[in-house]
Amino acid sequence: LEKKNTPLKIIKKEEGQQKKLKIGIMLGGISNEKEISLESGRNVFYKLPESMYDKTVLFFATNKKFYRLHVRQIVKDTTQEIENSLLAEDEIPFSLFKELFDFIFIGLHGGEGEDGTIQKKLEIEGIPFNGSTSAASKLCMNKNETLLVLEKAGIRTTKRLLINKKTSQEEIIKNLNEQLTLEPVDLVVIDSFGDIFQGNDSNNNMAMRNTVKTFDK
């Protein structure tokens, strides 16, 4: 067992011959980053040599179940097209993962693929996977909590202000400056919605309030 940055180089040998590592590649999901996940997962599938790995693409559907994808489905343009082509007989219950796979490659983006949910399930089953632990994944989904941990460890972080929908633009500019990036504290978004404020512009003020309202809990 060769332990480096990733276990993907593990090759099991049986009776003098190489035994393929059985890998489940997760893609899809229900977050707004599922199309990016489709590209990531497919890239992993195409790049892993068949001579070394027994590969299975696992599509995480909107019903939160996993389905084995066939080649004709993997090449589809969107996750919706894949969703429409899923068959009940291709569902693979999570309870069978331990039996079917030696390793899970998480190609999911956002949502349960990044917030520690999937990672926790794999840890409980004792199935190796790529990326961070469930605890680290859960922590890092909250930007403010992550920065607090980094600061406690003596790592310099950017100046920031935690705001909600009641925070005025004047308070933001007073604590920071007139040029800043606005991000939700606990969501990963692929849209470039960071608002740059230039003085006391009412349109920018309204954009800030609407954005904060959208992501405020």
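If you're wondering where the values come from, they're calculated on a predicted model, not measured in any experiment.

### Side note on the confidence of the model for the chain
Logical step 1: Looking at the chain, pLDDT values average 82 and 76% of them are 70 or higher.
Logical step 2: Confidence drops under a pLDDT of 50 for residues 1-11, and excluding neighbours within four residues, the segment shows 15 contacts in the predicted structure.
Logical step 3: Below pLDDT 50 for its whole length, residues 210-217 participates in 15 contacts with residues either more than four positions away or in separate chains.

### Overview of helix α7 (residues 143-152)
Logical step 1: Residues Asn 144, Thr 146 and Leu 147 constitute the buried set of α7. One face of α7 carries all of its buried residues, which in axial projection span an arc of 160 degrees.
Logical step 2: The elements touched by buried residues of α7 are α6 (134-140).
Logical step 3: Among the residues of α7, the N-terminal cap falls to Asn 142, whose side-chain oxygen and the backbone nitrogen of Asn 144 are separated by 3.1 Å.
Logical step 4: Phi turns positive, to about 85 degrees, at Gly 154, one or two residues after α7.

### Focus: the environment of Ser 37
Logical step 1: Looking at the element boundaries, Ser 37 is found in helix α1 (residues 34-47).
Logical step 2: Between the C-alpha atoms of Ser 37 and Gly 107, which are 70 residues apart in sequence, the distance is 5.8 Å.

Cut-offs used in this document
Residues numbered from 1 in each chain as written. Predicted model: local features only at pLDDT ≥ 70, side-chain atom pairs only at ≥ 80, totals over all residues. Heavy atoms only, no water. pLDDT = per-residue confidence, 0-100. Contact = heavy atoms within 4.5 Å. Buried < 20%, exposed > 50% of the residue type's maximum accessible area, 1.4 Å probe, protein only. Helix = DSSP H or I, 4+ residues; strand = E, 2+ residues; numbered from the N terminus. Arc of directions from axis to C-beta. Polar contact = N/O pair within 3.5 Å; in protein donor to acceptor, adjacent residues only side chain to side chain.

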